[in-house]
Amino acid sequence: MGSSSIPNGLLSLSLAACLLVHLFPFGSAYPKDPTISYHNGPLLTGNVSLSLLWYGEFLPVEKTVVRTFIESLGMEKSMSFQSDVHSWWQKVHSYLELTEKKRSKGTVRIAREVDDEKASLGRVLGNESLPGLLQKATVGLANTVAVIFVSKGVKMVEACKLPCYLHGVLGKQVYIVVGNLEEECPGSCAVPFHRSRNPFMPPNAVTLEPPSGNLGADVMVIHFASALADTVTNPFGNGFFGTEWGQDSQAATVCMGLFATGAFPGYPGNVRVDPYTGGAFNARGLNDSKFLLPALWDPKTDDCWTVL
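Below: a short report on this structure. (Residues numbered from 1 in each chain as written. Predicted model: local features only at pLDDT ≥ 70, side-chain atom pairs only at ≥ 80, totals over all residues. Heavy atoms only, no water.)

Applying the stated criterion across every chain, the model contains eight aromatic pairs. With a centroid separation of 4.9 Å and 85° between ring planes, the pair formed by Y95 and F240 is classed as edge-to-face. Of this pair, Y95 sits in helix 3 (residues 85–100) while F240 sits in strand 10 (residues 240–241), and the two are 145 residues apart along the sequence. With a relative accessible area of 5%, F240 lands in the buried category. Through a chain of ring-to-ring contacts, the aromatic side chains of W54, F58, F69, W88, F149, F224 and F291 assemble into a single cluster. Directly above the ring of F281 sits K290, whose terminal nitrogen or CZ lies 5.7 Å from the centroid. (Phe/Tyr/Trp six-rings, centres within 6.5 Å; stacked < 30°, edge-to-face > 60°. Helix = DSSP H or I, 4+ residues; strand = E, 2+ residues; numbered from the N terminus. Buried < 20%, exposed > 50% of the residue type's maximum accessible area, 1.4 Å probe, protein only. Lys NZ or Arg CZ within 6 Å of the ring centre and 35° of its normal.)

Structural data, given as structure tokens:
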């Protein structure tokens, strides 16, 4: 099945339901339709190398699901006409084509992995922890994106604020921080696998089963995929972004909560369901792995695009 776009009218309703309670006082008007534009800054072009730090104790399945997603970004386009991870990654790269005026073919690879099961910098992480985390992730390895995965049992200050992940640059080091927030704030950061705590959501809002069977792993994939899209298209804060709702909106953050066609507040869209496991997904990866990947802003059509 081909990919699709979500009309701006429906997009506005969905974004309002997902974001209004966080960004606007009760009783304020809905924001206008979002717009993301290019601000002439550099993007992450070519191949993207990742330095992963697993901070805290992770289950093997959590690491396997995340690694498989990363490896699936470089897979060839499926010949079965199924929606796949490759198509999602190509939509991210469509941003680069707008600035380079040529087709971009960059891939993603894991350059190194580091484990810190003992959480050596403590079990409460704040802004002051970031330099140490980045050093552990890269150990001086240049030209990589530092990706810090934080396990359950480790608290990240303000991690439960939308969009539930961090990305940015410290000095010259580009970084992403993603936590397993299934216990700390599932009503904010484990949706749609957990019931939303947003009062604007209808009481019968649909919840889904995670495609891998492990809620924490699949939530991390959603947030990491979102952070990766935002990082590639706006690594230094002067790439593609908009400023609606009083804060920056980026390639993935502007489309939060949308996963397939037919999405509306309380309903993530017409996702597929594995008949054997009951897991919901919208994209296939290597070895028939299944993922639920976030919608992305399509700069060519000015609306949200879903892989399914």
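What follows concerns helix 2 (residues 60–72). Relative to the 18 Å expected for 13 residues at 1.5 Å per residue, helix 2 spans 18 Å between its end C-alpha atoms, a close match to the ideal helical length. Within helix 2, burial applies to E62, K63, V65, V66, T68, F69, I70 and S72. Buried residues along helix 2 sit against strand 3 (48–55), helix 3, strand 4 (108–116), strand 6 (145–150), helix 6 (215–233) and strand 14 (290–291). (Expected span 1.5 Å × (residues − 1). Contact = heavy atoms within 4.5 Å.)

A word on the nonpolar core. As a rule of thumb, nonpolar side chains are buried together in soluble globular proteins. Ranked by internal contacts, the top residues of the largest apolar core, which has 64 residues, are L50, F69, W88, F149, F224 and L293. Mapped onto this core, the elements with two or more residues apiece are strand 3, helix 2, helix 3, strand 6, strand 9 (173–179), helix 6, strand 15 (296–298) and strand 16 (303–306). Setting aside residues up to four positions removed in sequence, W88 forms contacts with F69, L73, A225, A229, L293, P294, L296, W305 and V307. Membership of the second largest hydrophobic core comes to 21 residues, among which are A146, V150, V154 and C189. (Core = buried A, V, L, I, M, F, W, Y, C linked by side-chain atoms within 4.5 Å.)

Take the packing of helix 2 against helix 6 next. At their nearest, the axes of helix 2 and helix 6 sit 9 Å apart, and the two run at 35° to each other. Both helix 2 and helix 6 take part in a crossing whose hand is right-handed. Judged by residue contacts, V61, E62, V65, V66, F69 and I70 of helix 2 engage A217, D218, M220, V221, F224 and A225 from helix 6. When the residues that make up the contact of helix 2 with helix 6 are grouped by side-chain class, the tally is 10 nonpolar, no polar and two charged. (Axes fitted to C-alpha atoms, helices over the stretch in contact; angles between N-to-C directions. Left-handed = near helix turned anticlockwise from the far one by under 90°. Nonpolar A, V, L, I, M, F, W, Y, C, P; charged D, E, K, R; others polar.)

Within this structure, the stated rule accounts for three disulfides. Each disulfide pairs two cysteine sulfurs, and for C160 the partner residue is C185, the sulfurs being separated by 2.1 Å. The sign of the S-S torsion, about -90°, decides the handedness of the disulfide formed by C160 and C185: left-handed. Taken together, the residues span a long stretch of sequence, with C160 in the loop between strand 7 (155–156) and strand 8 (165–170) and C185 in the loop between strand 9 and helix 5 (186–189) at a distance of 25 residues. The disulfide partner of C164 is C189, and the gap between their sulfur atoms is 2.0 Å. Between C164 and C189, the S-S dihedral sits near -80°, and the bridge is therefore left-handed. Of the two residues, C164 sits in the loop between strand 7 and strand 8 while C189 sits in helix 5, which places them 25 residues apart along the sequence. C189 shares its class with C164; the two are buried. (Disulfide = S-S within 2.5 Å.)

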